[in-house]
Amino acid sequence: MILHGYYRSSTSYRLRIALELKSLEYENEPVNLLEGGQKDRDFTSRNPFGSVPMLDADGRDRAQSMALLEWLDEAYPEKPLLPREIEDRYTARELAYAIATELHAPLNLPVLKYLKEPLGHPQSVIDHWYRHWLKRTLDPVEKRLKQLDTGSFLFDAPGIFECVLIPQIYNARRFHYDLTLHPRITRIEAACLALPAFQRAHPDNQPDNPQNN
């Protein structure tokens, strides 16, 4: 498998976590989003969405991170990302999709670039935008985790929810979002980041991170 992604892309980060949790071997093929690599003609001829991640697996180029997470779980059922019981599977999807659909859409790089140019908003306004949407979704996620009385993970081991949560919290910290009112989220974050799979997937440890060159 070849993962085409960007070290700081939250969706690429999701896939790296999932691949590491499942102990699947893959090659990392960087796509520089800041230089527009995802819009390159050769890339879009394979992935018309012009986005990362793209996973080259089993003779097919696959896009869209949430679909990829579910495909990985079906194609490689060992070390499942989704729990066995139907209600637990629903809970995992409810929380994972809340973050993936309500946060990624308004906070991804093309939106942030559009806010700056051509709309002309200063970085302070963009940062305010970013934190507003984080609060709108992370507050109810925290409340749901409290209702569920979660511990170190949503269930016994990290799965699809943690694959989606941890990259979003990484981005939240980049934008100096105050997480003090989210103790269950930060507890899960700490437990995940202590695991080798999450450490290997972390943006700091990717070959295309400029700090590693």
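Residues numbered from 1 in each chain as written. Predicted model: local features only at pLDDT ≥ 70, side-chain atom pairs only at ≥ 80, totals over all residues. Heavy atoms only, no water.

(A) Layout of empty space enclosed by the protein. With the rule as written, the count across this model stands at 1 cavity of 30 Å³ or more. Estimated volume of the largest cavity: approximately 30 Å³. Taken together, Leu3, Gly5, Tyr6, Tyr7, Ser12, Arg16, Asn28, Gln206 and Asp208 form the lining of the largest cavity. Only strand 1 (2-5) and helix 1 (10-21) provide two or more residues apiece to the lining of the largest cavity. A breakdown of the residues in the lining of the largest cavity according to their chemical character gives 3 nonpolar, 4 polar and 2 charged. (1 Å grid on protein atoms, 1.4 Å probe; cavity = no way out; pocket = protein on both sides within 12 Å on 5 of 7 lines; lining within 4 Å. Points joined across faces, edges and corners; volume = space filled by probe spheres on them. Helix = DSSP H or I, 4+ residues; strand = E, 2+ residues; numbered from the N terminus. Nonpolar A, V, L, I, M, F, W, Y, C, P; charged D, E, K, R; others polar.)

(B) Highlighting helix 4 (residues 86-102). The terminal C-alpha atoms of helix 4 lie 23 Å apart, and with 17 residues this matches the ideal 24 Å at 1.5 Å per residue to within 8%. Of all the residues in helix 4, the buried ones are Thr91, Ala92, Leu95, Ala96, Ala98, Ile99 and Ala100. Packed against the buried residues of helix 4 are helix 1, helix 3 (65-75), helix 5 (104-107), helix 7 (123-148) and helix 8 (160-174). (Expected span 1.5 Å × (residues − 1). Buried < 20%, exposed > 50% of the residue type's maximum accessible area, 1.4 Å probe, protein only. Contact = heavy atoms within 4.5 Å.)

(C) Local environment of the side chain of Ser9. Counting through the fold element by element, Ser9 comes out in the loop between strand 1 and helix 1. Ser9 sits in the buried class, given a relative accessible area of 8%. Looking at Ser9, its side chain comes within polar contact range of the side chain of Ser12, at 3.0 Å. In this view, Ser9 contacts Leu33 and Val52; residues no more than four positions away in its chain are not counted. (Polar contact = N/O pair within 3.5 Å; in protein donor to acceptor, adjacent residues only side chain to side chain.)

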